[in-house]
Amino acid sequence: MTDAPPGSAAPRLASGLTTARPTPSTLLLCLSHLRWNFVFQRPQHLLTRAARGYDVIFLEEPIFQPGISPRLDLNRTPEGVTVAVPLLPEGLSAAAIIATQRSMLDDLLAPEAGRPLIAWFYTPMALEFAGHLHPDVLVYDCMDELSAFRGAPPRMMELEQALLNRADMVFTGGRSLYEAKRNRHARVSCFPSSIDTKHFASARANAAAPQDVASLPGPRIGFFGVVDERMDAGLVGELAALRPDWTFVMIGPVVKIDPADLPHLPNIHWLGGRDYKELPAYLGAWDAGFMPFARNESTRFISPTKTPEFLAAGLPVVSTPITDVMRDWGPKPDGTGGLVEIAEDAPSFAAALATVLERPRAPWLKQVDRRLAQISWDRTWSEMQGEVETALRAATRTSRVLTAAELVKRAAAGD
């Protein structure tokens, strides 16, 4: 896609929603394996900020329903992101699913022809139906090693290599991912988990606890996030059995694992998912946080966003020895204490939690606040956007040169 001439009519999205900008703005198309309303995490943090300067379309994976005609549902979020959800009938072949998504994508983008286009990939699998696009800038924001997740499609690694071959730039969600990708592309930048400090710091206000935890006895130890193969459920059960006098509050949707396989003890409370806006109230009702991640291929490269979120809420936190957590937040090799305690098994977890529950908070919070003052999602997006805009300007200049060359060619041919 190329620049439209200044002064053109206000751009119109396929949803029928128009912008008020006097000249056409850049369109950012995000292709994601995550659903916008699932858990508010990296894509949502970045794209709500992107929507302040770009028109953003967030295209999700299909939802299959019996007996329906294919259609694309479009909804605008309060932040200005257009969420596009393909609805497909059950029973379609794999080839038909890809062909239908491609047709929907083409219809979605047809009214936007002539505008600068940024294609922002979170999943390489989207190349199956979007590989024919020729965006001005292609970004691969690699937030997870998806090939290591349970149920990963067989073609994931093949398509990731194809995406790396086409991408103008690669962003990674942590240092381990950066180290894994940096030799596979010429422009790889590390943008680790960041923080909306103001949002989570409201947990320190000592507000009333949410009703479903207010009656639970303390101390309350909490977790929030997706509950899947990345959680060491056995460790949670062992820890709860070891400390029956503590209450463990677990917030988050359960996916890809059987809820029946989770430990169910009187002092473990599985509350399910909660809205991002509600999280500070829950964290404010806890005495400490814990991150009982399993140590397997699915957690080898993770850089949990919840680490700085726990800290911003003023909660001490104990984690299993996840590489990026240890390097970025844990104790230093020289023996200097970190902001997060590290523990490998239930007894050491219990000991570390007992220590942080008794530790004076004020000196530790000063260290936390100094560290968090150095990072923010606003800063992360600003730095990402700087790289994207540089590439976009270069692409625009190239497009104009090619257009001028074509005009010269046509003139020489007598057209």
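Refer to the structure printed above.
Summary of the structure given here. Note that the structure is predicted; figures quoted are calculated from it, not measured. (Residues numbered from 1 in each chain as written. Predicted model: local features only at pLDDT ≥ 70, side-chain atom pairs only at ≥ 80, totals over all residues. Heavy atoms only, no water.)

1. As for the overall build of the chain
Then, number 1: Across its full length, the chain carries 14 helices and 15 strands.
Then, number 2: Restricting to contacts in the chain with at least 6 residues of sequence separation, those with at least 24 account for 71%.
Then, number 3: Accessible area of the chain: about 18600 Å², with a carbon and sulfur share of 53%. (Helix = DSSP H or I, 4+ residues; strand = E, 2+ residues; numbered from the N terminus. Contact = heavy atoms within 4.5 Å. Areas by Shrake-Rupley, 256 points an atom, 1.4 Å probe, with all protein chains shown as cover.)

2. Observations concerning the side chain of T305
Then, number 1: Summarising the element assignment, T305 is placed in the loop between strand 13 (288-291) and helix 10 (306-312).
Then, number 2: Filtering out sequence-adjacent residues up to four positions away, T305 remains in contact with S193, S194 and W377.

3. Overview of helix 8 (residues 233-242)
Then, number 1: Turning to helix 8, its buried residues number three or more, namely A233, L235, V236, G237, L239 and A240.
Then, number 2: Considering only its buried residues, helix 8 is in contact with strand 11 (247-251), strand 12 (268-272), strand 13 and helix 12 (346-358). (Buried < 20%, exposed > 50% of the residue type's maximum accessible area, 1.4 Å probe, protein only.)

4. Here's the deal with the pairing of strand 6 (residues 117-121)
Then, number 1: Burial analysis of strand 6 places five of its five residues in the buried class, the great majority of the element.
Then, number 2: Burial of strand 6 is two-sided: the residues L117, A119 and F121 facing one way and the residues I118 and W120 facing the other way are all buried.
Then, number 3: In terms of strand pairing, strand 1 (residues 27-31) meets strand 6 through five bridges, oriented parallel. From the neighbouring strand, L28 faces strand 6, where its bridge partner is I118.
Then, number 4: With four bridges joining them, strand 6 and strand 7 (residues 137-142) adopt parallel strand pairing. Counterpart to A119 in the pairing with strand 7 is L138. (Pairing = 2+ DSSP bridges.)

5. Remarks on the nonpolar core
Then, number 1: Counting 33 residues, the largest nonpolar core has F200, F224, I251, L283, W286, F310 and L311 as the members making the most contacts within it.
Then, number 2: Within the residue set of this core, elements represented by two or more residues are strand 11, helix 9 (279-284), helix 10, helix 11 (323-329) and helix 13 (361-372).
Then, number 3: Among the elements that make up this core, the one with the highest residue count is helix 13 (four residues).
Then, number 4: Apart from the residues within four sequence positions on either side, L311 is in contact with R204, V317, W329, L339, V340, W364, V368 and L372.
Then, number 5: In this structure, I57, L108, A130 and F301 belong to the second largest nonpolar core, which totals 32 residues. (Core = buried A, V, L, I, M, F, W, Y, C linked by side-chain atoms within 4.5 Å.)

6. Digging into the pattern of salt bridges
Pairing of side chains with opposite charge becomes possible as their charged atoms draw close.
Then, number 1: For the coordinates displayed, the defined rule picks out 24 salt bridges.
Then, number 2: For R52, the salt bridge goes to D378, with nearest N and O atoms at 3.5 Å. You can see R52 sitting in the loop between helix 1 (42-50) and strand 2 (55-59) and its partner D378 sitting in helix 14 (residues 377-413), a full 326 residues away along the chain.
Then, number 3: What makes R52 exposed here is its relative accessible area of 62%.
Then, number 4: What makes D378 partly exposed here is its relative accessible area of 41%. (Salt bridge = Lys/Arg side-chain N within 4 Å of Asp/Glu carboxyl O.)

7. Some details on unusual backbone geometry
Then, number 1: Cis peptide bonds are those with omega within 30 degrees of zero, and the linkage from G218 to P219 qualifies with -5°.
Then, number 2: Of note, P219 is situated in the loop between helix 7 (211-214) and strand 10 (220-224).
Then, number 3: Of note in the backbone geometry, N206 takes a positive phi value of approximately 60° without being a glycine.
Then, number 4: Structurally, N206 is set in the loop between helix 6 (197-201) and helix 7.
Then, number 5: Look at K256: it is not a glycine, yet its phi comes out positive at around 65°.
Then, number 6: Structurally, the position occupied by K256 is in the loop between strand 11 and strand 12.

Remember that the coordinates give geometry; whether it matters functionally is a separate question.
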